[in-house]
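# Working through the structure, step by step
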Amino acid sequence: MAISAQTDADAAAEAPTPGLITRLARGNIELWANLLVITWAIVFMAWQGTGFAITIGTVFAIWAILAVSLNLVVGFTGLLSVGHVGFFGIGAYTMAVLTSNASYEAARTDAIPTYGWPFFAALPVAVVLAGVVAVVVGVAFNRFRDDIFVLVSFGFAIIAFNTFLNLREITRGAFGIHEIEKPAIGGWVIDGELEFLLFSLALLALVVLVSWLVVSSSFGRVLTAIREDEEAIAVFGYRVTHYKLAIWVISAMMAGLAGGLFASWTSFIDPNSFILLESMLLVSIVILGGLATIWGSLLGAMAFVLMEEGMRFLPFIPPEYVGQARQIVLGVLLVLLMLFRPQGLVGKYRL
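This structure is a prediction, so every number in the text was calculated from the model and none was measured. (Residues numbered from 1 in each chain as written. Predicted model: local features only at pLDDT ≥ 70, side-chain atom pairs only at ≥ 80, totals over all residues. Heavy atoms only, no water.)

### Observations concerning the overall build of the protein chain
Note the threshold: Put simply, DSSP H or I for four residues or longer makes a helix, DSSP E for two residues or longer makes a strand, and each gets a number counted from the N terminus. Between buried and exposed lies partly exposed: a residue is buried under 20% and exposed over 50% of the maximum accessible area for its type, with that area taken using a 1.4 Å probe on protein chains only. When checking whether two residues touch, look at their non-hydrogen atoms; a contact exists if any pair is within 4.5 Å. Computed by Shrake-Rupley with a 1.4 Å probe, the accessible areas treat only the displayed protein chains as cover when residues are assessed.
Tallying secondary structure elements over the protein chain gives 14 helices and two strands in all. Residues counted as buried form 49% of the 351 residues belonging to the protein chain. Here the analysis covers contacts within the protein chain between residues at least 6 apart in sequence; of these, 78% occur between residues at least 24 apart. Only carbon and sulfur atoms are counted for the fraction: they give 69% of the accessible area of the protein chain, which is about 17000 Å².

### What about the packing of aromatic side chains?
Basically, it comes down to this: Aromatic rings from Phe, Tyr and Trp, taking only the six-membered ring of Trp, are treated as a pair when their centres fall within 6.5 Å; an angle between ring planes under 30 degrees marks them as stacked, one over 60 as edge-to-face, and anything in between as tilted. Remark: a charge is flagged as sitting over a ring if the NZ atom of Lys or the CZ atom of Arg is within 6 Å of the ring centre and within 35 degrees of the ring normal.
Scanning the model with the defined rule gives 18 aromatic pairs in all. Between phenylalanine 88 and phenylalanine 274, the ring centres sit 5.4 Å apart and the planes meet at 70 degrees, which makes this aromatic pair edge-to-face. Of this pair, phenylalanine 88 sits in helix α4 (residues 84-99) while phenylalanine 274 sits in the loop between α11 (240-266) and α12 (276-289); the two residues are 186 residues apart in sequence, bridging distant segments of the chain. When the centroid spacing of 6.0 Å and the interplanar angle of 70 degrees are considered together, the rings of tyrosine 238 and tyrosine 243 count as edge-to-face. The class of tyrosine 238 is partly exposed, set by a relative accessible area of 35%. An aromatic cluster of three or more residues is present, and its members are Phe87, Phe141, Phe149, Phe156 and Trp248. Here the basic side chain of lysine 182 rests over the ring of phenylalanine 196, its NZ or CZ set 5.3 Å away from the ring centre.

### Some remarks on α11
Here is the rule we go by: By this rule the span expected of a helix is its residue count minus one, scaled by 1.5 Å.
Taking 1.5 Å per residue, 27 residues should reach 39 Å; α11 reaches 39 Å between its end C-alpha atoms and fits that length. A positive backbone phi angle near 65 degrees is found at serine 267, which sits one or two residues after α11.

### What to know about the packing of helix α13 (residues 294-310) against helix α14 (residues 322-340)
For clarity, the cut-off: Where helices are involved, their axes are fitted lines through C-alpha atoms of the stretch in contact, as for all axes, and angles between N-to-C directions lie from 0 to 180°. We call a crossing left-handed when the near helix sits turned anticlockwise from the far one by less than a right angle, and right-handed when that turn is clockwise. Each residue gets one label: Ala, Val, Leu, Ile, Met, Phe, Trp, Tyr, Cys and Pro are nonpolar, Asp, Glu, Lys and Arg are charged, and the others, such as Gly, are polar.
One can describe the packing of α13 onto α14 by two numbers: an axis separation of 9 Å at closest approach and a directional angle of 145 degrees. Judged by the sense of rotation from one axis to the other, the crossing of α13 with α14 is right-handed. Counted together, Phe304, Met307, Glu308 and Glu309 of α13 and Arg326, Val329 and Leu330 of α14 form the full contact between these two elements. Looking at the contact of α13 with α14 residue by residue, the class counts come to four nonpolar, no polar and three charged.

### Topic: the side chain of threonine 77
Quick reminder of the rule: Counted as a polar contact is a pair of N or O atoms within 3.5 Å, where, for protein atoms, one must be capable of donating a hydrogen and the other of accepting one, and residues adjacent in sequence contribute only when both atoms are in side chains.
On the secondary structure map, threonine 77 appears in the loop between α3 (50-74) and α4. Of note is the side chain of threonine 77, whose polar atom sits 2.8 Å from the backbone oxygen of leucine 72. Every residue in contact with threonine 77, bar those within four places of it in the chain, is listed here: Leu72, Leu223, Ile226, Arg227, Lys244 and Ile247.

### A short note on the confidence of the model for the protein chain
Detailed reading of the predicted model is not advised wherever pLDDT is low. To be explicit about the condition: Each residue carries a pLDDT score, the predictor's own confidence in it, on a scale running from 0 to 100.
Across the protein chain, the average pLDDT comes to 84, with 89% of residues at or above 70. Contacts from residues 1-9, a stretch scored under 50 in pLDDT, to residues over four places away or in other chains number zero contacts. Residue range residues 11-16 is modelled with pLDDT below 50. Its contacts to residues more than four positions away, or to other chains, number one contact.

### A look at a nonpolar patch on the surface
Note the following rule: Patch members must show over 30% relative accessible area and no salt bridge, and they are joined within 9 Å when carrying like charges or within 5 Å when they are nonpolar side chains of Val, Leu, Ile, Met, Phe, Trp or Tyr. Any Lys or Arg side-chain nitrogen located within 4 Å of an Asp or Glu carboxyl oxygen qualifies as a salt bridge.
A contiguous nonpolar patch, built from Val128, Leu129, Val132, Val135, Val136 and Val139 and spanning about 490 Å² of accessible area, is present on the exposed surface. Here valine 136 shows up in helix α5 (residues 119-141). On the basis of relative accessible area, valine 136 is assigned to the exposed category, the value being 58%.

### Looking at helix α8 (residues 193-215)
Across its 23 residues, α8 extends 33 Å between first and last C-alpha, which sits within 8% of the 33 Å expected from 1.5 Å per residue. Those residues of α8 that sit buried are Phe196, Leu197, Phe199, Ser200, Leu203, Leu204, Val207, Ser211, Val214 and Val215. Lining the buried residues of α8 we find α3, α5, α9 (218-228), α11 and α13.

### A short note on the environment of glutamine 48
Locating glutamine 48 in the fold gives a position in helix α2 (residues 18-48). Sequence spacing of glutamine 48 and glycine 310 is 262 residues, and the spatial spacing of their C-alpha atoms is 9.8 Å.

### Here we look at the packing of α12 against α14
This is how it is decided: Should an angle fall under 35 degrees it is taken as roughly parallel, and over 145 as roughly antiparallel, whereas 65 to 115 is taken as roughly perpendicular and any remaining angle as oblique.
Here α12 crosses α14 at 40 degrees, and the two axes come no closer than 11 Å. Taken together, the axes of α12 and α14 lie oblique to each other. Seen from above, α12 lies across α14 with left-handed handedness. From α12, Leu277, Leu281, Ser284, Ile287 and Leu288 reach across to α14, where they touch Gln327, Leu330, Leu333, Leu334, Leu337 and Met338. Grouping the constituent residues of the contact of α12 with α14 by class yields nine nonpolar, two polar and no charged.

### Topic: the side chain of serine 81
Within the secondary structure, serine 81 is located in the loop between α3 and α4. Within the structure, the side chain of serine 81 is placed 3.3 Å from the backbone nitrogen of glycine 83, a separation counted as a polar contact. Not counting residues within four places of it along the chain, the set of residues in contact with serine 81 comprises Leu70, Val74, Phe149, Ser153, Trp248 and Val283.

### Here we look at unusual backbone geometry
Not every positive phi belongs to a glycine, and arginine 172 is a case in point at roughly 65 degrees. Within the secondary structure, arginine 172 is located in the loop between α7 (168-171) and β1 (184-185). If you check the backbone angles, serine 267 has positive phi at about 65 degrees while not being a glycine. Following the sequence through the fold, serine 267 ends up in the loop between α11 and α12. Judged by its relative accessible area of 23%, serine 267 is partly exposed.

### Re the nonpolar core
Nonpolar side chains in soluble globular proteins tend to end up buried together. Threshold: For the purposes of this section, nonpolar cores are sets of buried Ala, Val, Leu, Ile, Met, Phe, Trp, Tyr and Cys residues that join through side-chain atoms within 4.5 Å.
Trp63, Phe87, Phe88, Trp248, Ile269, Phe274 and Phe304 are the most contacted members of the largest nonpolar core, which has 103 residues in total. In terms of residue count, α3 provides more of this core than any other element does, 17 residues in total. Beyond its immediate stretch of four places on either side in the chain, phenylalanine 88 contacts Ile62, Leu66, Ala255, Ala258, Gly259, Phe262 and Phe274.

See the structure below:
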């Protein structure tokens, strides 16, 4: 009997506890999510060929820059913003106005100013201008929290879109701006698809590095504390509004960088590229990948791009309904995530 009791005790000691099982299950879900998205990406791009894979990679790089930048605000600081597309548009239009040859189609619309700047001269201006607007907007937004902050950021996105649409003497309104400059270093113009992909990935790596330095520093730890309890961290003497404004501006400047890159890649922009739906999709990417994790933003951006492009090849969906089908699938996916995994694929916190 003593031996039997000892054996039962040893078995109980060796049995995994419920907490251990939960941690292992969570780790396995994250592992399988990573493997699934990465494998999906490799198989899909190999199936469609090199040219299509390069295009997918460029789209991913632009969306990933946006997702990483927004996650700094939403995931690490706890400020749910749906107005990030406004800063994206500011960067894109700054690049377009400064670099485009605006003499075309002058008979159809009023000519806009022509500056003829090179890409690398216009890109810092796009980034800085997005940051300046973020300072002005952020000072006003800092007095709001929670649901009210979401509403005012919603209003900013609408104001930005209407500015792009109606400021025709600068943006050409619904006609858009063509012939946007490609990056050039000396006599070498980065206009090939592969070259532009490598350039985009280099900028993404820079954004990821800056974001990692921010969140791993003492500044980043204060941001996480603000997310958990803004009033408690203020008791310890931290100027919460200053931290929130700083990360808001950093995030907006990254979005401006993505906008300038996007404008140069497409060589044409119009206000329809910066509608509120795009901002909603961006928030969805951050939630899908996971809050407060840089890798989650990259994973969410890749999953979104694969879903968006992959649905075009489903034979049972007519081409004219692909756009609506994408929105339905993304909506269902987000509902399932909120029900069964509210922290996203590899996130640390719940929304």
